[in-house]
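Each chain, written out:
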Amino acid sequence: MKKKEKVIVGLSGGVDSSVAAYLLLKDGYDVEAVFMRNWDSATNQDFKGNPTAFDEVCEQEKDYRDAKKVADKLGIKLHKVDFIKEYWDEVFTYFLDEYKKNRTPNPDILCNNEIKFKAFVKYAKTLDYDYIAMGHYARINHDSTDPMLLRAKDNNKDQTYFLSQLETSQLRNVLFPIGELEKEEVRKIAHEQDLATADKKDSTGICFIGERNFSGFLSNYLPAKKGDMRRLDGTYVKEHYGLMNYTIGQRKGLGIGGSQDSLDAWYVVGKDLKTNTLYVEPDKDHPHLFSNKAIITDIKWRGAKKSGKMSAKFRYRQKDIDINLTWIDDTKAIVEYNNVKAVTPGQAAVFYDGDVCLGAGFIDQVFFNDEERIYS
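**Digging into the pairing of strand 16 (residues 348-353)**
- Counted residue by residue, strand 16 has five buried out of six residues, so it is predominantly covered.
- Both strand 13 (residues 308-313) and strand 16 contribute to a ladder of three bridges, which runs antiparallel. Counterpart to Ser311 in the pairing with strand 16 is Tyr352.
- Bridge count for strand 16 against strand 17 (residues 356-368) is six bridges, and the pairing is antiparallel. Note on strand 17: the bridge partner recorded for Ala349 is Gly361.
- The turn joining strand 16 and strand 17, which pair antiparallel and follow one another in sequence, is formed by two residues; a positive phi near 65 degrees is taken by Gly354.

Set out below in structure tokens:
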């Protein structure tokens, strides 16, 4: 009798990974599950044991209990693994370093690269696996010589943006069981199988850290330096409470009423790290918010490199933007586009050819007609 192929699935305690595990069993795989613990919030310490000022109910333990209920229901073994040090060293340190540079990072992308598809794979090898699987909304075409990352069937839930920097080698033995399903179908299957996570709310917030008072959380690790909030013409508006707490295009949390010239809400239109100045204007479509060119660095590309016309996303769930890409070197490119709002240094630029996710890099500089925007 032929041995079943073994799949190690990441079971997060959410409905998506729960249904992914069920579908793998249904397809005849030998399935074991792993719950990843990556943040030591239960003890209010970082991995070195340093106390933090943050004190909230730990959601990770709740997630683990939900994952255990699902594993028991499906009759699969659940391993609980700590990647706290790996997360701190490879993801959270980068996250803090980017904020120190006055950039807006996306830790979820690095989290996939370093934790879910590196540290997780290293652990899975101890379990003698054939494939790993995650509950991501994405698809992989394994029919070609090299696997291709494809958008999910459910365009509203598609997560290729966060998977965009994975290398071809990281996709070879990966399955995304729910990639062909709409979210409603996933919920329906969870109800039909009476899984404990069927009605559980989708998680949001920072990868593995979750929903928090972000400014308060960040202040545990980076001291906020107050400075001037000004209009672009230099007019003083008020004091800001640390550039790292604001992002380009932000409206809420500025603490400014209507201006003398307008009853419109105020928006962040620029940041200058050298002078510690936050620039704001009462115009959601202020010209300074728009750009038409960006320098993208640290690009990882799958397959033969392409240049010229293609589409891109500069943030999650953004509509595809038509771009023209010109390579500067192996990992750096110029991207040109037609007047896009709030293209922000530190965020990812993800490239597509139809449903195929080609790769991604990080926005380094932003320009409008060759004049650099003061976004960092």
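**Examining the sheet that holds strand 10 (residues 267-272)**
- Ordered in space as 9-8-11-10, the four strands form an open sheet in which the pairing is mixed. Of all the strands in the sheet, the pair left with one neighbour each is strand 9 (236-240) and strand 10. Neighbour-to-neighbour, the strand axes of the sheet open up by a mean angle of 30 degrees, direction not taken into account.
- One ladder, built from three bridges, connects strand 8 (residues 227-230) with strand 11 (residues 277-281); its direction is parallel.

**Description of the pairing of strand 14 (residues 321-329)**
- Pairing geometry for strand 13 and strand 14, over five bridges, is antiparallel. Within strand 14, the residue paired with Ser311 across the bridge is Asp322.
- Pairing between strand 14 and strand 15 (residues 332-341): five bridges, direction antiparallel. What sits directly across from Leu325, in strand 15, is Val335.
- In sequence, strand 14 turns back onto strand 15 through a hairpin of two residues.

What counts as what
- Residues numbered from 1 in each chain as written.
- Predicted model: local features only at pLDDT ≥ 70, side-chain atom pairs only at ≥ 80, totals over all residues.
- Heavy atoms only, no water.
- Buried < 20%, exposed > 50% of the residue type's maximum accessible area, 1.4 Å probe, protein only.
- Helix = DSSP H or I, 4+ residues; strand = E, 2+ residues; numbered from the N terminus.
- Pairing = 2+ DSSP bridges.
- Axes fitted to C-alpha atoms, helices over the stretch in contact; angles between N-to-C directions.

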